[in-house]
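What follows is each chain in one-letter form.
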Amino acid sequence: MKRKKWLLAAEHSAGIPALTDRLIHGDSFAVLPLLPRGFARLVIADPPYNLSKQYASTAFAARPAAAYRAYTERWLSLVLPLLSDDGSLYICCDWKSSIVIADVLSDCEARGALVLRNRITWEREKGRGAAANWKNSMEDIWFATKSARYTFNASAVKMRRRVVAPYRTDGKPKDWVDDGNGGFRDTCPSNFWNDISVPFWSMAENTAHPAQKSEKLLAKLILASSDAGDLVFDPFAGSGSTLVAAKKLSRHWCGVEQEAQYCAWAQYRLVRADRDRMIQGFEDGIFHARND
């Protein structure tokens, strides 16, 4: 496949202009030390969970908590210098790796390296089946900022919910809209999301990546914690979901991915985003309930 202009080789370092709207094919641990300090306004990291899983030609093996902690500390120590002083960081994880990541972030906060802001929990539409345990249908996203100065656009990530018990004052809707179909309210975002669909075969964004996040989920993070024109960085880019969502939302983007197959999928999706900027579940500036 011909290398597109946005694909950089891992062996070359580059300045900020060269990194804008680029996917770097290489190992994050080798690439991150080459990148400029403070070049990203927003970092969204989706590292391997502490599960044994095959990622194309690379296998990640589950390891003891102490070893996974060391792995997390290693990549996070390389990512934090890349975040601007007014930047934000999100880290995706499952319930078990969340315990380790929360501890690492707490230590970073104690050292003054970041400010831990919140934990988002989102409901997987299709949880992982378990015959001898509770079905695992929840994942976490940890939210931190580099300092007390950061962007949070709450009005950009409102969710439209149907009104269950509509309240009226003098016969008129109070804090909700009567659309003739039961009414709705556009609510401020919370840290529990039950409106996310894991990409499946009939969705245009779906790939064969074993841990793909939905563009809708990433759009919430991008809209809340960056402005148009800001640069969004993903150190574990996978099939490019963060980069595609950033492009569709008029942000600049940069990512690192070591698997050539995943880079090819990301390339296809980024090209397609030039002609189709739709994000399923997000319309006219509002996030809609699942399957709404």
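To be clear, the structure that these remarks concern was listed above.
Each value, and the rule that gives it
Residues numbered from 1 in each chain as written. Predicted model: local features only at pLDDT ≥ 70, side-chain atom pairs only at ≥ 80, totals over all residues. Heavy atoms only, no water. Phe/Tyr/Trp six-rings, centres within 6.5 Å; stacked < 30°, edge-to-face > 60°. Helix = DSSP H or I, 4+ residues; strand = E, 2+ residues; numbered from the N terminus. Buried < 20%, exposed > 50% of the residue type's maximum accessible area, 1.4 Å probe, protein only. Lys NZ or Arg CZ within 6 Å of the ring centre and 35° of its normal. Contact = heavy atoms within 4.5 Å. Pairing = 2+ DSSP bridges. Axes fitted to C-alpha atoms, helices over the stretch in contact; angles between N-to-C directions. Core = buried A, V, L, I, M, F, W, Y, C linked by side-chain atoms within 4.5 Å.

When you look at the packing of aromatic side chains in this model, what are you seeing that I'm missing?
The geometry of an aromatic ring pair is captured by the separation of the ring centres together with the interplanar angle, meaning the angle of the planes. Applying the stated criterion across every chain, the model contains 11 aromatic pairs. Between Phe-60 and Tyr-71, the ring centres sit 5.3 Å apart and the planes meet at 65°, which makes this aromatic pair edge-to-face. Of this pair, Phe-60 sits in strand S5 (residues 58-60) while Tyr-71 is found in helix H3 (residues 65-79), placing the two residues 11 residues apart along the sequence. Take Phe-60 and Tyr-71: they sit in the same class, and that class is buried. Judged by centre distance (5.4 Å) and plane angle (85°), the rings of Trp-75 and Phe-236 are edge-to-face. Taken together, the residues Trp-75 in helix H3 and Phe-236 in the loop between strand S14 (231-234) and helix H6 (241-248) connect sequence positions 161 residues apart. Owing to a relative accessible area of 1%, Trp-75 belongs among the buried residues under this scheme. A network of ring pairs unites the aromatic residues Phe-29, Phe-60, Tyr-68 and Tyr-71 as a single cluster. Stacked on the ring of Phe-60, the Lys or Arg Arg-63 has its end atom at 4.1 Å from the ring centre.

What am I meant to see in the environment of Ala-273 here?
Its location among the elements puts Ala-273 in the loop between helix H7 (260-272) and strand S16 (282-283). It is 8.7 Å that separates the C-alpha atoms of Ala-273 and Ala-245, two residues lying 28 residues apart in sequence. When near neighbours in sequence (up to four residues on either side) are disregarded, Ala-273 contacts Val-244, Lys-247 and Lys-248.

Please clarify how the sheet that holds strand S12 (residues 184-187) should be interpreted in this entry.
By definition, the strands of a sheet pair up through backbone hydrogen bonds, in either a parallel or an antiparallel sense. In space, the four strands of this open sheet follow the order S12-S9-S17-S16, with mixed pairing throughout. Every other strand in the sheet has two partners, leaving S12 and S16 as the edge strands with one partner each. In this structure, S16 lies alongside strand S17 (residues 286-288), joined through two bridges in antiparallel fashion. Its bridge partner being in S17, Phe-282 is matched across the sheet by Phe-287. Most of the contacts of helix H5 (residues 215-225) go to S17, to which it runs at about 150°, and overall it touches S16 and S17.

Can you walk me through the side chain of Asp-94 in this structure?
Topologically, Asp-94 is positioned in the loop between strand S6 (83-93) and helix H4 (95-110). Excluding anything up to four places from it in sequence, Asp-94 contacts Tyr-49 and Leu-51.

Teacher, can you tell me more about the nonpolar core here?
In globular proteins that are soluble, nonpolar side chains generally tend to be buried together. In this structure, Leu-35, Phe-39, Trp-75, Leu-76, Leu-89 and Phe-233 are the most contacted members of the largest nonpolar core, which totals 38 residues. Among the elements of the structure, helix H2 (28-31), strand S3 (40-45), H3, S6, H4, strand S8 (136-145), S14 and strand S15 (252-257) are those that each provide at least two residues to this core. The element that contributes the greatest number of residues to this core is H4, accounting for six residues. In this structure, Leu-35 is in contact with Leu-19, Ile-24, Leu-82 and Phe-233, ignoring residues within four places of it in sequence. By size, the runner-up hydrophobic cluster in this structure holds 35 residues, among which are Leu-23, Ile-196, Ala-224 and Phe-287.

Help me out: how do you make sense of the environment of Ile-222 in this one?
Structurally, Ile-222 is set in helix H5. Separated by 134 residues in the primary sequence, Ile-222 and Ser-88 place their C-alpha atoms 9.9 Å from one another. What Ile-222 contacts, discounting residues up to four positions off in sequence, is Leu-42, Ile-44, Val-232, Thr-242, Ala-245, Ala-246, Leu-249 and Arg-251.

I would appreciate a short explanation of unusual backbone geometry in the present structure.
Phi angles above zero are rare outside glycine, and Asp-21 is one such case at about 60°. Relative to the assigned elements, Asp-21 resides in the loop between helix H1 (16-19) and strand S2 (22-25). When its relative accessible area of 23% is taken as the criterion, Asp-21 is described as partly exposed. Phi angles above zero are rare outside glycine, and Ser-250 is one such case at about 65°. Mapped onto the elements, Ser-250 comes out in the loop between H6 and S15. Among the residues examined, Ser-250 registers a relative accessible area of 44% and is labelled partly exposed.

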